[in-house]
Amino acid sequence: MEASLRRRQWLLGAGAALVVGALDGCSVPNGRTLSGKSAQPILPLAPLRASVDRITSITVCTRPFRARGPCLDVERVGEKTVVHNYGHGGSGWSLSWGSSSIAVQKALTTGEREIAVVGCGALGITSALLLQRAGMRVTIYAKDLPPNVRSSLASGLWTPDSRICYAEHATPEFCQLWENMARQSFQTYQTLLGLPGNPIEFIDNYYVSDRPLTERRVRPIDTRPAFAHLQRELISDLMPRDQDFGIGSHPLGARYLRRSALMMFNISAYSRMLMTDFLMNGGRIEIREFHSPADFASVREKTLIHATGYGARALFGDNSLTPVRGQLARMIPQPDVNYGLFYKRVSFIPRRDGLVFQTVGEDDYYGFGDETSTPDRNEAELAVNTIAELFK
Ligand SMILES: Cc1cc2nc3c(=O)[nH]c(=O)nc-3n(C[C@H](O)[C@H](O)[C@H](O)COP(=O)(O)OP(=O)(O)OC[C@H]3O[C@@H](n4cnc5c(N)ncnc54)[C@H](O)[C@@H]3O)c2cc1C
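What comes next concerns the included structure. (Residues numbered from 1 in each chain as written. Predicted model: local features only at pLDDT ≥ 70, side-chain atom pairs only at ≥ 80, totals over all residues. Heavy atoms only, no water.)

1. A closer look at the pairing of strand β12 (residues 339-343)
In plain terms, the rule: Only protein chains enter the area calculation, which uses a 1.4 Å probe; residues under 20% of their type maximum are buried, those over 50% are exposed, and those in between are partly exposed. Strands are runs of DSSP state E lasting at least two residues, helices are runs of H or I lasting at least four, and both sets are numbered from the N terminus onward. A strand pair is defined by DSSP finding two or more bridges across the two strands.
Within β12, five of the five residues are buried, which leaves it mostly tucked inside the rest of the structure. On β12, burial covers both faces: Tyr339, Leu341 and Tyr343 on one face and Gly340 and Phe342 on the other are all buried. Direction of pairing for strand β6 (residues 200-209) relative to β12: parallel, over a ladder of five bridges. In the sheet register, aspartate 204 faces β12, and the bridge partner there is tyrosine 339. Of the pairings in the sheet, the one linking β12 to strand β13 (residues 346-349) comprises three bridges and is antiparallel in character. By the bridge assignment for β13, tyrosine 343 is matched with valine 346. With antiparallel pairing between neighbouring strands as the criterion, β12 and β13 make up a hairpin whose turn holds two residues, including lysine 344 at a positive phi of roughly 45 degrees.

2. Quick notes on helix α2 (residues 92-108)
What counts, and what does not: To estimate the expected span of a helix, count its residues, drop one, and scale the result by 1.5 Å. To obtain the bend at a residue, axes are fitted to the seven residues ending there and to the seven starting there, and the angle between these axes is taken.
Helix length check: α2, at 17 residues, gives a terminal C-alpha distance of 22 Å against a target of 24 Å (1.5 Å per residue), a fit within 8%. Glycine 98 marks where α2 bends most, by close to 35 degrees. Burial within α2 is extensive, with 13 of its 17 residues counted as buried.

3. Notes on the nonpolar core
To keep things clear, this is the line we draw: Note on terminology: a nonpolar core comprises buried Ala, Val, Leu, Ile, Met, Phe, Trp, Tyr and Cys residues joined through side-chain atoms within 4.5 Å. Throughout, a residue-residue contact means that at least one pair of heavy atoms, one from each residue, lies within 4.5 Å.
Counting residues in each nonpolar core, the largest one holds 52 residues, and the members touching the most others are Trp93, Trp158, Trp178, Tyr189, Phe265 and Tyr270. Secondary-structure elements contributing two or more residues to this core are α2, β4 (114-118), α3 (122-133), β5 (137-142), α4 (172-190), α5 (231-235), β8 (256-265) and α6 (267-280). In this structure, tryptophan 178 is in contact with Leu95, Pro160, Asp161, Ile164, Leu230, Gln231, Leu234 and Ile235, ignoring residues within four places of it in sequence. Counting 29 residues, the second-largest nonpolar core is a separate cluster that includes Tyr206, Phe245, Ala380 and Ala383.

4. Regarding the site of the ligand
Definition in use: If even one non-hydrogen atom of a residue comes within 4 Å of a molecule or strand, that residue is called near it. Two N or O atoms count as a polar contact when they lie within 3.5 Å, although within protein this holds only if one can serve as hydrogen donor and the other as acceptor, and sequence-adjacent residues are included solely when both atoms are side-chain atoms. Note on areas: Shrake-Rupley, 1.4 Å probe, and residue coverage restricted to the protein chains presented here. Note that Gly is not counted as nonpolar here; it falls among the polar residues with everything else outside the nonpolar set of Ala, Val, Leu, Ile, Met, Phe, Trp, Tyr, Cys and Pro and the charged set of Asp, Glu, Lys and Arg.
Around the ligand, the surrounding shell holds 36 residues, and the nearest of these are Gly89, Ser94, Asp144, Ser151 and Leu157. Alanine 122 places a polar main-chain atom, nitrogen or oxygen, 3.1 Å from an oxygen atom of the ligand. Here the ligand has 1000 Å² of accessible area as a free molecule, and 96% of this is covered by the chains. Elements represented by at least two residues in the shell around the ligand include exactly β1 (55-66), α2 and α3. Looking at the shell around the ligand, the element that brings in the most residues is β1, giving four residues. Partitioning the shell around the ligand into residue classes produces twelve nonpolar, 18 polar and six charged.

5. Things to note about the environment of phenylalanine 265
Secondary-structure assignment places phenylalanine 265 in strand β8. As for phenylalanine 265 and aspartate 353, which are separated by 88 residues in sequence, their C-alpha atoms are 9.9 Å apart. Sequence-distant contacts of phenylalanine 265, that is, excluding residues within four places in its chain, are made with Trp93, Ser94, Gly156, Leu157, Trp158, Tyr189, Pro199, Ile200, Tyr270 and Arg351.

6. A few points about the sheet that holds strand β3 (residues 80-84)
Consider a sheet: its strands pair through backbone hydrogen bonds, and that pairing is either parallel or antiparallel. What counts here: Orientation is described by lines fitted to C-alpha atoms, with helices fitted over the stretch in contact, and by angles between N-to-C directions that extend from 0 to 180 degrees.
Pairing within the open sheet is mixed, and its six strands lie in the order β2-β3-β10-β4-β5-β9. Because the sheet does not close on itself, it has two edges, and the strands there are β2 (74-77) and β9 (284-287). Direction aside, neighbouring strands of the sheet carry axes that sit 25 degrees apart on average. Contacting β5 and β9, α6 runs over the sheet at an angle of about 115 degrees to β9.

7. Quick notes on the side chain of histidine 169
Tracing the backbone shows histidine 169 in the loop between β5 and α4. Judged by its relative accessible area of 18%, histidine 169 is buried. Ignoring any residue separated from it by four or fewer positions in sequence, one finds histidine 169 in contact with Ala67, Arg68 and Phe174.

Rendered as C-alpha cells:
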C-alpha cells in the first residue's frame, strides 16, 4: 500500500516536471490528466531505489574469450576421447543448450553409454542434462559447483553474440554454427519460462539517452580487431521490434528511451533447477581437480565432455583463451522493479536474486586481457550512482 502510494507520488512528480509545454496538465498512470482530460499514460516504471548503501556484494568474473570462437574439437588423450565445449566469451549461458547439444552429438558417436563431464558451469551442466536425455549415465567431475563457478557471476541476459569471436573469424561456416546454437538455445529457453522461482523470464529493457536517439555518435578510428556482431543480421526475427519514447512519455526526466525485449536468467534459481534435475535423473557428481589432461586417465569413463571454461587455459595450455574481466555490483532485490536500463555505459538488470549494476565500458575491449579478480568499489559505486541519476 505504502509502496504503491510512493510510486504514484513519484510518477506524479516526475510527470509534472516533464510535461511543461508537452502535455496538457499532469499525467497520471491511468491515462487521465489532473484536469480531467484524457492523455497518453506515461510509462509506469516503478522507481528504483538505487543507492550505494544498498550494495550487498561486488563480484568479478572472467569471460573465456577465443578470437576464433568456442572450441568444440574432439581429441584423443591417452585412452580417452575428449570432446571440448569451452571458450564462449560473454555468451556462455546464452549459447549453452545449442553448444552442448553439438558436444553431446559428438560424444554419442563413440557408442559409450557412460560419459563423464568435466566442469559444472553453464556448459558442463547443460551437457550433462542433454546426455541424460539421450539415455546416458553421467558423472560430473568438477573442482567447484554452482554457486562457486564463474557462470554464477554472469549478468544473466540472453546475449548470444557477446564477445563470441573476432569479426575476421566469423566465416560463413562459423555463422551457420553460431546461428544453429543460438536458435536451439533460444527455443530451449522458451520451455523454461513461467516455472516456479522464475528461472527464466522476459523483461523490458530501456536504452536511455540524454540526446535524441536519431543523433549519430562519431566513434574514433579503432585499429584493434573488431568483435563479431551476429545477432541483428542472423536472428533478429527472434525478438520484437524496438519502440521509442520521447520526453514526457516516461518518468525518467528529459531523456529519450528505446525499449527492447530481453530474456533474463535468474541464475540462482536457474542453476539450482539444473542441478536438481541432474541429480533427480540419477546423475553423479565428484569434486575433483585435474592438473593436466593426463589426469583424465583416473576416471572410469572412456568418453569425456570437457567444459572447464577459462580453466582450459591452464588445464589444456590453450593460450588462445583471453580473459575479459567483468564486475557486477549486486543490490537488495526489489520485486516491483521488472525492467532493465542502459545509461551512460552502465547496465542495470532487475534480477530477482539481486539487482545487478555493471559498468560495461566504451566497447567490448573493456576488461580485455585483465585476469584480476579484486573487486573495485569505485567502479561499483559509479555504476549505481549513474543509474541513480535517472531517479533524481
Ligand atoms: C561479468 C560477466 C557477465 C556475463 N554475462 C553473461 C550474460 O549475461 N549472458 C551470457 O550468456 N554469458 C555471460 N557471461 C559469460 C558467461 O559467464 C561464460 O561464458 C560462462 O560462464 C562460461 O561457462 P563455462 O561453463 O564454460 O565455465 P565456468 O562457469 O567457469 O565453469 C567451469 C567449470 O569447470 C571447473 N573447472 C575448471 N578448471 C578445472 C580443473 N582444472 N579441474 C576440474 N574442474 C575444473 C570449474 O570448477 C567449473 O565447475 C558473462 C561473463 C562475465 C564475466
